[in-house]
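So the chains spell out like this:
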Amino acid sequence: MPERRTVALVTLGCARNEVDSEELAGRLAADGWDLVQDAEDADVAVVNTCGFVEAAKKDSVDALLEANDLKAAARDGNGRTQAVVAVGCMAERYGKELAEALPEADGVLGFDDYTDISGRLQTILSGGVHAPHTPRDRRKLLPVSPVERQSADIALPGHGDLAERPDSAAPADLPAGVAPASGPRAPLRRRLGSSPVASVKLASGCDRRCSFCAIPSFRGSFVSRRPSDVLGETRWLAEQGVREIMLVSENNTSYGKDLGDIRLLETLLPELAAVDGIERVRVSYLQPAELRPGLVDVLAGTEGVAPYFDLSFQHSAPDVLRAMRRFGDTERFLELLGEIRNRAPLAGIRSNFIVGFPGESERDVAELERFLSEARLDAIGVFGYSDEEGTEAAGYAAKVDQDEVGERLARVSRLAEELTAQRAEERTGETVRVLVESVDGGDGPVGRAAHQAPETDGQVRLTRTDALTEVRTDAADTRGQRLDVGRMVEARVVAAEGVDLVAELLGGDTGEGREEAGR
C-alpha cells in the first residue's frame, strides 16, 4: 500500500483566513491526504498568506522562506518537505507577480484553485507546474446588484456548504475529524486545532469603498452565506467540542442584503445561540454607519449572544473620515456608544484606528484623542498609515511625513494603552462568565469573558483568594465549578493587569445556563 500524502497548513492573518484554511483542510482530508501540524513533517507545506498591509505581507514571505528551508533540509535527508505552496490573500492579490518574485514557492494558487486543491498539490508534488493566475479585480466577477450574486458561479473561500458532501456519504465513510452535523452531511471543513472557540464565516467580500483598503479588489463584492449553511456548520462545530463561535466577514452588518432581508442577522443570532452545546455567539466586524437599532437590541439582549461590539471607527475627525470615504464624527460615535450602553451597560466595545492618514492635521489627532478619552473602549488597535497599492488614498497628496506618522502612532498608542487599562480597572467588582481556554499554563486557569474576543482583547486569569484549597484543574473545586477547557464558569473580577483581568471563582457551575452577567 503506497504511503499516504501528508500536508501541513500554515495560516497567517485574520480569523477569516483560519476558516479558509479549515475548508482547505476539509477538502484535502476528504481526498485522502493526511493532515499534520508541523510543516517539517509534511510532504507539502501550504502557507495561507495575508495580503492586507505591508507588515502582514512580510510575515507571509518570511513563512514561505522558512518552509523553503525545510525543503532544502529534506534534500539533505533531514525531513520530508518536498514542496511549498502559497495560497490566501497575498497569492490571490499578486499571483504571477508573486511567483516571479518568490521562486522558492513551488506553486502560487488563487481562490479559483481551492475547489481542486488536492489535484493542484498532487501536480506540484509530482514535479508538474501549475501556472499562477494573473490577478484581476474580483468585484467585476459578480453582478452589481447584490440580489443577483447568490446564483453567480465564483469561488468564495469559506463558503463550502452541506450540499457539497454527497447524500450517500455515511458517517463511517468520512475521514476522521469530519463528522456529520446532522444526518449524512457535514460542512466542508476540518478543524486544525482543539480550541473551544471557532470562527464561522458569515459572508465574503465588501461593497464599501474605503479609500485606504484594497481588500474588496481581491476578496470581491459582498456575498452572504445561506442561514442554513451557517446553522449547519455551527451544529457541526458544537459536536467537535466548540463552545463559542465568532461570526466573521469583512462586514457583518451587511449580512442578508443579497438574500432579500437586511435584518436577517437579527433573526439568525437567536437560532445560533440556541444550538445545543454552544454557550456563546460573538459577532465581529460591525460598521458603525450600518448598525441598526434592531441589531443593537439583539446583540445587547439575546441570551447566549455576547453583548460585544467590534466597531470599525478608523478615526473620529470628520475631515479625515470623509477622505477615507467613511461617515460619522466624534459626537455621532459617542451617541452610538451611549445607545449601546443604555441597552447593555457592561457591553464590550473595541475598535481600530488609523493615524497619519493623508491630510491629517494635529487638530484631527487631537479630535481623535478626545474621542478615545470619552469613549471608554475595552480594546483599541492603532495603526500608522502607509500607502496600499491600488487604493485611492495612495494617490492622495498632502502625505504625512513617515517620521511624523511614527510619532503620532506612538503617542496615540500610549494613550490607548492607558485608557484600556483604566477601562479594565473599572470592571473590578463585576461578575463575569468566563470560557476556560487553558488550565495548565504558568498563570493557572485562563479564559475570556463576554467582552473579550479571542487573541485581541485580553483575558481573565481565574484564581482563589481564600487560599483554603488550591484550585484543581482536573475536577470540581470546593465551590462546585469545573475548570476543564471549554467550560463556562462564573467569577468576580478582583483586579486588572493592563487589559487583562484577575477574577475569583464563584460558587455554582454555569455550564447549563447562558445568560451573560450584567445585561
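This one's a predicted model, so the numbers in the text were calculated from it and none came from an experiment.

> Where do I start with the overall build of the protein in this structure?
Broken down by element type, the protein carries 13 helices and 18 strands. For the protein, the proportion of its 519 residues judged to be buried stands at 54%. When the accessible surface of the protein is split by element, carbon and sulfur atoms take 48% of a total near 21200 Å².

> In this structure, what is going on with the packing of helix H7 (residues 227–239) against helix H8 (residues 264–273)? I would like to understand it.
Any two packed helices are characterised by the angle at which their axes cross and by the distance between the axes. Where H7 meets H8, the axes come as close as 11 Å, and the angle between the chain directions of the two elements is 25°. In terms of their interaxial angle, H7 and H8 are classed as roughly parallel. Pair H7 / H8 crosses with right-handed handedness. Of the residues in H8, those in contact with Pro227, Val230, Leu231 and Thr234 of H7 are Leu264, Leu268, Glu271 and Leu272. Looking at the contact of H7 with H8, its residues break down into six nonpolar, one polar and one charged.

> I'm lost on the sheet that holds strand S13 (residues 379–384) in this one. Help?
Strands in a sheet are paired, the pairing made by backbone hydrogen bonds, and the direction either parallel or antiparallel. Strand order in the open sheet formed by three strands is S11-S12-S13, with parallel pairing between adjacent strands. On the outer flanks of this sheet lie strand S11 (308–310) and S13, each paired with one strand and no other. Pairs of neighbouring strands in the sheet enclose a mean axial angle of 10°, with direction left out of account. The strands touched by helix H13 (residues 402–426) are strand S12 (348–355) and S13; relative to S13, the strand with the most contacts, the crossing angle is about 175°.

> Where do I start with the packing of aromatic side chains in this structure?
For any pair of aromatic rings, geometry is given as the distance between the ring centres together with the angle between the planes. Tallied over the full model, the rule gives nine aromatic pairs. Where Phe357 meets Tyr385, the ring centres are 5.2 Å apart and the plane angle is 75°; that geometry is what we call edge-to-face. Of this pair, Phe357 sits in the loop between S12 and helix H12 (362–375) while Tyr385 sits in the loop between S13 and H13, and the two are 28 residues apart along the sequence. The pair formed by Phe357 and Tyr385 is uniform in burial state, with each residue classed as buried. Among the aromatic side chains, those forming a connected cluster through ring pairs are Phe212, Phe357, Tyr385 and Tyr396. Here the basic side chain of Arg16 rests over the ring of Tyr285, its NZ or CZ set 4.7 Å away from the ring centre. Lying over the aromatic face of Tyr308, Arg282 brings its terminal NZ or CZ to 4.6 Å of the ring centre.

> What is the right way to read the nonpolar core from this model?
Of all hydrophobic cores here, the largest spans 67 residues; its most connected members are Leu247, Leu269, Phe309, Leu311 and Leu372. Those residues within four positions of Leu269 in sequence are excluded, and the remaining contacts are Leu247, Val281, Val283, Leu295, Val298, Leu299 and Val305. In terms of nonpolar packing, the next biggest core, distinct from the first, is built from 23 residues, Leu9, Ala83, Leu121 and Ala155 among them.

> Quick question: what am I supposed to make of the packing of H8 against helix H9 (residues 293–301) here?
The contact between H8 and H9 brings their axes to 9 Å, and the two run at 10°. On the basis of their axis angle, the class for H8 and H9 is roughly parallel. The segment H8 lies against H9, with Leu265, Glu266, Leu269 and Pro270 engaging Gly294, Leu295, Val298 and Leu299.

> Explain unusual backbone geometry to me, please; I cannot follow it from the model alone.
Although it is not a glycine, Arg376 sits at a positive phi angle of roughly 55°. Residue placement: Arg376 occurs in the loop between H12 and S13. Classification of Arg376 by relative accessible area gives partly exposed; the value is 35%. Of note in the backbone geometry, Glu455 takes a positive phi value of approximately 75° without being a glycine.

> Please clarify how the UniProt feature "binding site: [4Fe-4S] cluster 1" (unreviewed entry) in the protein should be interpreted in this entry.
When the UniProt feature table is mapped to this numbering, "binding site: [4Fe-4S] cluster 1" (unreviewed entry) covers Cys14, Cys50 and Cys89. For the annotated residues, spread through 76 residues, the largest C-alpha to C-alpha distance comes to 10.5 Å, consistent with a single compact locus. Here Cys50 is to be found in the loop between strand S3 (44–49) and helix H2 (54–75). The exposure class of Cys50 is buried, given its relative accessible area of 13%. What Cys50 contacts, discounting residues up to four positions off in sequence, is Leu12, Gly13, Asn17, Ala56, Lys57, Ser60, Cys89 and Met90. Overall, the relative accessible area of 9% leaves Cys89 in the buried class. Sequence-distant contacts of Cys89, defined by excluding residues within four places in its chain, comprise Asn17, Thr49, Cys50, Gly51, Phe111, Phe218 and Arg219.

> What is the right way to look at H9 in this model?
Among the residues of H9, those classed as buried are Leu295, Val296, Val298, Leu299 and Ala300. Contacts from the buried residues of H9 go to H8, strand S10 (280–283), S11 and helix H11 (330–343).

> What's the story with H12 in this structure? I'm lost.
Because each turn of an α-helix spans 3.6 residues, side chains separated by three or four positions end up pointing in the same direction. Here H12 is 14 residues long and its end C-alpha atoms lie 20 Å apart, about the 20 Å a rise of 1.5 Å per residue gives. Within H12, burial applies to Asp364, Val365, Leu368, Glu369, Phe371, Leu372 and Ala375. The buried residues of H12 occupy an angular sector of 160° when the element is viewed end-on, so they sit on one face. In this structure, the buried residues of H12 make contact with helix H10 (318–323), H11, S12, S13 and H13. Two residues or fewer past H12, Arg376 is found with a positive phi of approximately 55°.

> How should the pattern of salt bridges be read in this particular structure?
By the definition in use, this model includes 48 salt bridges. Salt-bridge contacts for Asp112 lead to Arg138; the nearest nitrogen and oxygen are separated by 3.3 Å. Linking Asp112 in the loop between strand S5 (107–108) and helix H5 (117–125) with Arg138 in the loop between H5 and strand S6 (197–201), this pair joins segments that are 26 residues apart in sequence. Of the residues examined, Arg138 reaches a relative accessible area of 1% and is grouped as buried. With a shortest N-O distance of 2.9 Å, Glu437 and Arg448 are connected by a salt bridge. Of this pair, Glu437 sits in strand S14 (residues 431–438) while Arg448 sits in strand S15 (residues 446–448), and the two are eleven residues apart along the sequence. With a relative accessible area of 28%, Glu437 lands in the partly exposed category. Its relative accessible area of 2% is what places Arg448 among the buried residues. Salt bridges here are not isolated pairs; linked through shared partners, they connect Glu360, Glu362, Glu369, Glu404, Arg408 and Arg411.

Calculation criteria
Residues numbered from 1 in each chain as written. Predicted model: local features only at pLDDT ≥ 70, side-chain atom pairs only at ≥ 80, totals over all residues. Heavy atoms only, no water. Helix = DSSP H or I, 4+ residues; strand = E, 2+ residues; numbered from the N terminus. Buried < 20%, exposed > 50% of the residue type's maximum accessible area, 1.4 Å probe, protein only. Areas by Shrake-Rupley, 256 points an atom, 1.4 Å probe, with all protein chains shown as cover. Axes fitted to C-alpha atoms, helices over the stretch in contact; angles between N-to-C directions. Parallel < 35°, antiparallel > 145°, perpendicular 65-115°, else oblique. Left-handed = near helix turned anticlockwise from the far one by under 90°. Contact = heavy atoms within 4.5 Å. Nonpolar A, V, L, I, M, F, W, Y, C, P; charged D, E, K, R; others polar. Pairing = 2+ DSSP bridges. Phe/Tyr/Trp six-rings, centres within 6.5 Å; stacked < 30°, edge-to-face > 60°. Lys NZ or Arg CZ within 6 Å of the ring centre and 35° of its normal. Core = buried A, V, L, I, M, F, W, Y, C linked by side-chain atoms within 4.5 Å. UniProt positions renumbered as here; feature names shortened; annotations may be inferred. Expected span 1.5 Å × (residues − 1). Arc of directions from axis to C-beta. Salt bridge = Lys/Arg side-chain N within 4 Å of Asp/Glu carboxyl O.

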